[in-house]
Amino acid sequence: MNLLDKLNFSWRKKLPVIQQTQAAECGLTCVGMIANYFGHKIDMITLRRRFSTSLKGATLGDVMLVSQQLGMSTRALRLDIDELHKLRMPCILHWDMNHFVVLKSVSKKKITIHDPARGRREVPLDEVSTSFTGVALELMPAATFEKKEEKESFSMFKLIGNVTGIRSAFAQVMILSVGLELFGLLAPFYTQWVMDQVLPSADNNLLTLLGTAFIVVVLLQNIISAIRSWVTTWFSSMLSVQWSANVCSHLLGLPMSWFEERHVGDIVSRFGSINTIQNTLTSRFISSVLDGVMAIVTLFVLFAYNVKLTFVVIGLLLLYIIIRWVSFRPFRQANEDQLIASARAQSQLLESIRGVQAVKLNNKQEMRVSSYANELVEATNKGVHIQRLSIGFSTLQGTISGIGRIVLIWMAALEVLDGNFTGGMLIAFSSFADQFLSRATGLINAIIEFWMLRLHGERLADIVLMDREGDMDNAVALPTHQGALAVEINNLSFRYAVTEPWVFENCTLSIHAGESVAIIGPSGQGKSTLVKLLLGLLKPEKGTIEVNGHDIRKLGMTWYRDHIGSVMQDDILFAGSIADNISFFDATYDQDKVERAAKLAQIHEDIMLMPMGYNSLVGDMGSSLSGGQMQRVLLARALYRQPDILILDEATSHLDVTRESAINSAIREMAITRIIIAHRPETIRSADRIILLNKHGVQELSHALFEQQTQ
């Protein structure tokens, strides 16, 4: 590579700003930015698929491991702030004890960082000491590093998915739009013919004919415009409903781990990108196509009038294209920053609303308001930055456009004075020039908007292009056995990420059909994780879970979950009546079955004391019920399914001993397999077997030994 090539390569290299979308992926995002800088063009979708991240975050060792797998050599350093300028940049800094950022440059008074959580930032040196922990990681391409493009490709049609009626609606709008464009081309001729044909000859009949004809043109133009607006509105509504429903279906089909790694506000923000994309496609796509076609037609008309003046018009268009091209990257970055900042503010608000009880009890209203206000100010500042860019662009464009129009009319007037133009031709040419510039700039703006749509597309792709939860359909003949099912756990090993320790390893356990097993152990030893594995919400890294001798992944999660009832620690109720929640909103639920489940869960008497009985509303997420009532309604919901396996994770922790004993007795009489996670001795004693679970495996305890340990 010669010196010129090296200079060109150095000029082309640019450190991108990539922002994290998951709560704990800052380290992965930093590595992605530096990999892109060195020429490995990779996006976050691809990075997430290649490298699973822990929900608890990443250590420096995890970041080094990912970097090395991407072909980069690493060097970890400990240094003081005044030594930052000695680092090979870009590099990664450990920040705020639980975060990573990319250091881009260092000056005498400040440093520039790319923060995965907040975007590009300039931090004064006197403030760096409050965040920088003194640990840095230098990354450089190793011999195995490859410069290549490794990004998830997607099209808007791939994001839209299966939506019916698009082609016919597009065809209708296209035909109507062509008619409007043709009528628009006729308008300038009216002024030219009146000035050049009617006025010199004082021909009243011709004036009447022209006036009448163009009145008809205007009427037809407005009728077609109204029809097109109606068709566009109908098409837009149809697309919005079908597309939103499709994305919602895909969203709810994603694995549980996907939801645990993201803030609710960010998910809602990504889902909201549908509206932005849909509005642009329905309002601009067809018009932009026609703008391109009609701009070419209008250009030929301009050339027919005057070649020299037409080149002036083309020059004005080229100036506009250059301005738009130069401003595209700042606009895109500003819009991305604003979207992420708004999602963060929305997450703060939703989190405060969901946790308002804890906020009030700890007198943290002002603190939460302050946090939300800070995020809102950040989002507002990003919006102001976009407006500032827009004002600057509009001012520059307006100035160039205004001066250009003056120059154009000036030159056209000279043509009139030279006898090459008539007055009517000057007005018509000016009108056609305005049409050409309007259509051509409209086409350019539409192209820029479609490029900008990729920003929303990338955010929506984090939902649409993610793999749905697997193993939903059965791959073997389904068991015909009805009743309690036997569960076999064979050499089960699980960890949340490759960089995390095993939650448990080589765990083996047999649960006979109809047996009641209590799984106990200290907090944090993997009991709830085991429950999620048993329910198929998590996938084991090693080992299998079998029901009646069949791997549950081959039975299919749909069939398997139809035979399971469960109550989890963090289960919720949905807005609606108690009957709705017990039947989980079955369209035609069985009232007798609902009441039978409620009686087993010891909640029937409480419900009958309520003003509307089973039609009483539960409020937002069960807010109208006590903790014990909510747990019993959740238990009734699980029992309504008449499951063959019942899994309870601290399902009676809010109940008094008497009610808990009654529920345990009722469940014990049922011919189902019961797996109970519990700490309370009363619940544990009700089980046939007691299993102690810890990081070393499982150990069966006799009831006598359990009683001895609890004394």
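None of these values were measured; they are calculated from a predicted model.

Cut-offs applied
Residues numbered from 1 in each chain as written. Predicted model: local features only at pLDDT ≥ 70, side-chain atom pairs only at ≥ 80, totals over all residues. Heavy atoms only, no water. Helix = DSSP H or I, 4+ residues; strand = E, 2+ residues; numbered from the N terminus. Rg over C-alpha atoms; globule rule 2.2 N^0.38 Å. Buried < 20%, exposed > 50% of the residue type's maximum accessible area, 1.4 Å probe, protein only. Areas by Shrake-Rupley, 256 points an atom, 1.4 Å probe, with all protein chains shown as cover. Lys, Arg positive; Asp, Glu negative; His and termini not counted. Charge placed at Lys NZ, Arg CZ, Asp CG, Glu CD. Axes fitted to C-alpha atoms, helices over the stretch in contact; angles between N-to-C directions. Left-handed = near helix turned anticlockwise from the far one by under 90°. Contact = heavy atoms within 4.5 Å. Nonpolar A, V, L, I, M, F, W, Y, C, P; charged D, E, K, R; others polar. Pairing = 2+ DSSP bridges. Core = buried A, V, L, I, M, F, W, Y, C linked by side-chain atoms within 4.5 Å. pLDDT = per-residue confidence, 0-100. Parallel < 35°, antiparallel > 145°, perpendicular 65-115°, else oblique. Expected span 1.5 Å × (residues − 1). Arc of directions from axis to C-beta. Phe/Tyr/Trp six-rings, centres within 6.5 Å; stacked < 30°, edge-to-face > 60°. Polar contact = N/O pair within 3.5 Å; in protein donor to acceptor, adjacent residues only side chain to side chain. Patch = residues over 30% accessible without salt bridge, like charges linked within 9 Å, V, L, I, M, F, W, Y side chains within 5 Å. Salt bridge = Lys/Arg side-chain N within 4 Å of Asp/Glu carboxyl O. Disulfide = S-S within 2.5 Å.

Engineer: I'm lost on the overall build of the protein chain in this one. Help?
Structural biologist: Counting its secondary structure elements, the protein chain contains 24 helices and 18 strands. Scaling as 2.2 N^0.38, a compact globule of 711 residues should have a C-alpha radius of gyration of about 27 Å, whereas the protein chain reaches 34 Å, well beyond that. Seen along its three principal axes, the alpha-carbon backbone of the protein chain occupies a region of about 115 × 70 × 55 Å. Residues classed as buried in the protein chain amount to 47% of the 711 residues present. Of the roughly 35300 Å² that the protein chain leaves accessible, carbon and sulfur atoms contribute 59%. Mean positive and mean negative side-chain charge positions of the protein chain (66 and 68 charges, respectively) differ by 6 Å.

Engineer: What exactly am I supposed to notice about the packing of helix H2 (residues 26-37) against helix H4 (residues 60-69) here?
Structural biologist: Packed helices, taken two at a time, are described by their axes: the angle between them and the distance between them. Viewed as axis vectors pointing N to C, H2 and H4 meet at an angle of 35°, and their least axial separation amounts to 10 Å. Of the two possible hands of crossing, H2 and H4 adopt the one that is right-handed. Residues Gly-27, Leu-28 and Val-31 of H2 lie in contact with H4, whose contacting residues are Val-63, Val-66 and Ser-67. Partitioning the contact of H2 with H4 into residue classes produces four nonpolar, two polar and no charged.

Engineer: Looking at this model, I keep getting lost on the pairing of strand S18 (residues 697-701). Mind explaining?
Structural biologist: On a regular strand, one side chain projects to one face of the sheet and the next to the other, so that they alternate. Taken together, the five bridges between strand S17 (residues 689-694) and S18 define a ladder with antiparallel strand orientation. When the sheet's bridge partners are listed, Asn-694 is paired in S18 with Gly-697. Between S17 and S18, which pair antiparallel in sequence order, lie two residues.

Engineer: Please clarify how the nonpolar core should be interpreted in this entry.
Structural biologist: It is characteristic of soluble globular proteins that their nonpolar side chains tend to be buried jointly. Residues Ile-519 and Ile-645 are the most contacted members of the largest nonpolar core, which totals 33 residues. Apart from residues lying up to four places away in sequence, Ile-519 is in contact with Leu-509, Lys-527, Leu-530, Ile-675, Ile-676, Ile-677, Ala-678, Ile-691 and Leu-693. Counting 30 residues, the second largest nonpolar core, distinct from the first, contains Ile-582, Ile-603, Ile-607 and Leu-639.

Engineer: Help me understand the confidence of the model for the protein chain, please; the structure alone is not making it clear to me.
Structural biologist: Reading fine detail from the predicted coordinates is not recommended where pLDDT is low. In this model, the protein chain carries a mean pLDDT of 82, and residues with pLDDT of at least 70 account for 92%. Predicted confidence is poor over residues 1-12, with pLDDT under 50, and the contacts of this stretch with residues over four places away or in other chains come to two contacts.

Engineer: Teacher, can you tell me more about the sheet that holds strand S6 (residues 119-124) here?
Structural biologist: For sheets, the rule is that strands pair by backbone hydrogen bonds, running either parallel or antiparallel. The six strands lie next to each other as S2-S7-S3-S4-S5-S6, forming an open sheet whose pairing is antiparallel. Where the open sheet ends on each side, the last strands, each with one partner, are strand S2 (72-78) and S6. Between one strand and the next, the sheet's axes are offset by a mean angle of 35°, whatever the strand orientation. Here strand S5 (residues 110-115) pairs with S6 via six bridges, running antiparallel. In the sheet register, Ile-113 faces S6, and the bridge partner there is Arg-121.

Engineer: When you look at the packing of helix H13 (residues 365-417) against helix H14 (residues 423-464) in this model, what are you seeing that I'm missing?
Structural biologist: Here H13 crosses H14 at 150°, and the two axes come no closer than 10 Å. When the axes of H13 and H14 are compared, the pair comes out roughly antiparallel. Like other packed secondary-structure pairs, H13 and H14 cross with a definite hand, here right-handed. Between H13 and H14, the contacting residues are Arg-405, Leu-408, Ile-409, Ala-412, Ala-413 and Val-416 on the first element and Leu-426, Phe-429, Ser-430, Ala-433 and Asp-434 on the second.

Engineer: What exactly am I supposed to notice about helix H22 (residues 657-668) here?
Structural biologist: Every α-helix winds through 3.6 residues per turn, so residues three or four apart in the chain are directed the same way. Helix length check: H22, at 12 residues, gives a terminal C-alpha distance of 16 Å against a target of 16 Å (1.5 Å per residue), a fit within 8%. Those residues of H22 that fall on the buried side of the exposure criterion are Glu-660, Ile-663, Asn-664, Ala-666 and Ile-667. All buried residues of H22 project into a common sector of 165° when viewed along the axis, lining one side. In this structure, the buried residues of H22 make contact with helix H19 (591-600), helix H21 (627-640), strand S15 (645-649), strand S16 (673-677) and helix H23 (681-685).

Engineer: Looking at this structure, how should I read the environment of Gly-521?
Structural biologist: Positionally, Gly-521 belongs in the loop between strand S11 (516-520) and helix H15 (527-534). Separated by 177 residues in the primary sequence, Gly-521 and Val-698 have C-alpha atoms spaced 9.6 Å apart. Those residues in contact with Gly-521 that sit more than four places away from it in its chain are Lys-527, His-679, Leu-692 and Leu-693.

Engineer: How should I be thinking about the packing of aromatic side chains in this particular structure?
Structural biologist: Any two aromatic rings considered together are summarised by their centre-to-centre distance and by the angle between their planes. Throughout the structure, instances matching the rule amount to eight aromatic pairs. Taking the centre distance of 6.5 Å and the plane angle of 65° together, the rings of Phe-584 and Phe-585 count as edge-to-face. For Phe-584, a relative accessible area of 43% puts it in the partly exposed group. Judged by relative accessible area, Phe-585 falls into the partly exposed class, the value being 35%.

Engineer: I tried to follow the side chain of Thr-310 on my own but got confused; where do I start?
Structural biologist: Of note, Thr-310 is situated in helix H11 (residues 307-354). Within the structure, the side chain of Thr-310 is placed 2.9 Å from the backbone oxygen of Leu-302, a separation counted as a polar contact. Every residue in contact with Thr-310, bar those within four places of it in the chain, is listed here: Leu-299, Leu-302, Phe-303 and Phe-429.

Engineer: What's the story with the sheet that holds strand S13 (residues 550-551) in this structure? I'm lost.
Structural biologist: The four strands are arranged S10-S9-S12-S13 in an open sheet whose pairing can be described as antiparallel. Strand pairing shows two members of the sheet lacking a second neighbour, strand S10 (504-511) and S13, which therefore form its edges. By the bridge criterion, five bridges tie strand S9 (residues 487-494) to S10 in an arrangement that is antiparallel. Across the sheet, the residue bridging to Phe-494 is Phe-504, located in S10. Along the sheet, H15 makes contact with S9, S10 and strand S12 (542-547), crossing S9 at roughly 120°.

Engineer: Whenever I open this one, the environment of Leu-77 confuses me. Can you help?
Structural biologist: Looking at the secondary structure, you find Leu-77 in strand S2. Measuring from C-alpha to C-alpha, the distance between Leu-77 and Met-568 comes to 45 Å, with 491 residues separating the pair along the chain.

Engineer: Looking at this model, I keep getting lost on a nonpolar patch on the surface. Mind explaining?
Structural biologist: A grouping of Ile-322, Trp-325, Val-326, Ile-447 and Trp-451 is seen on the molecular surface, where their side chains present a nonpolar patch of about 550 Å² in accessible area. When contributions to the nonpolar patch are tallied by element, the ones reaching two or more residues are H11 and H14. It is H11 that contributes the most residues to the nonpolar patch, three residues altogether. Along the chain, Ile-322 turns up in helix H11.

Engineer: Just to check I follow, could you spell out the state of the cysteines for this structure?
Structural biologist: Formally, a disulfide is one covalent bond, and it connects the sulfur atom of one cysteine to the sulfur atom of another. Following the criterion strictly, the structure yields zero disulfides and no others. Cys-91 forms no disulfide, and the closest cysteine sulfur to it belongs to Cys-30, at a distance of 10 Å.

Engineer: Whenever I open this one, the pattern of salt bridges confuses me. Can you help?
Structural biologist: Pairs can form between side chains of opposite charge once their charged atoms are near each other. By the definition in use, this model includes 21 salt bridges. Salt-bridge contacts for Asp-434 lead to Arg-405; the nearest nitrogen and oxygen are separated by 2.6 Å. With Asp-434 in helix H14 and Arg-405 in helix H13, this pair connects stretches of sequence that are 29 residues apart. Residues Glu-515 and Arg-689 are paired through a salt bridge, measuring 3.0 Å at the closest nitrogen-oxygen approach. Placement of Glu-515 in the loop between S10 and S11 and of Arg-689 in strand S17 is noted, with a sequence separation of 174 residues between them. Taken as a pair, Glu-515 and Arg-689 share a single burial class, namely buried.

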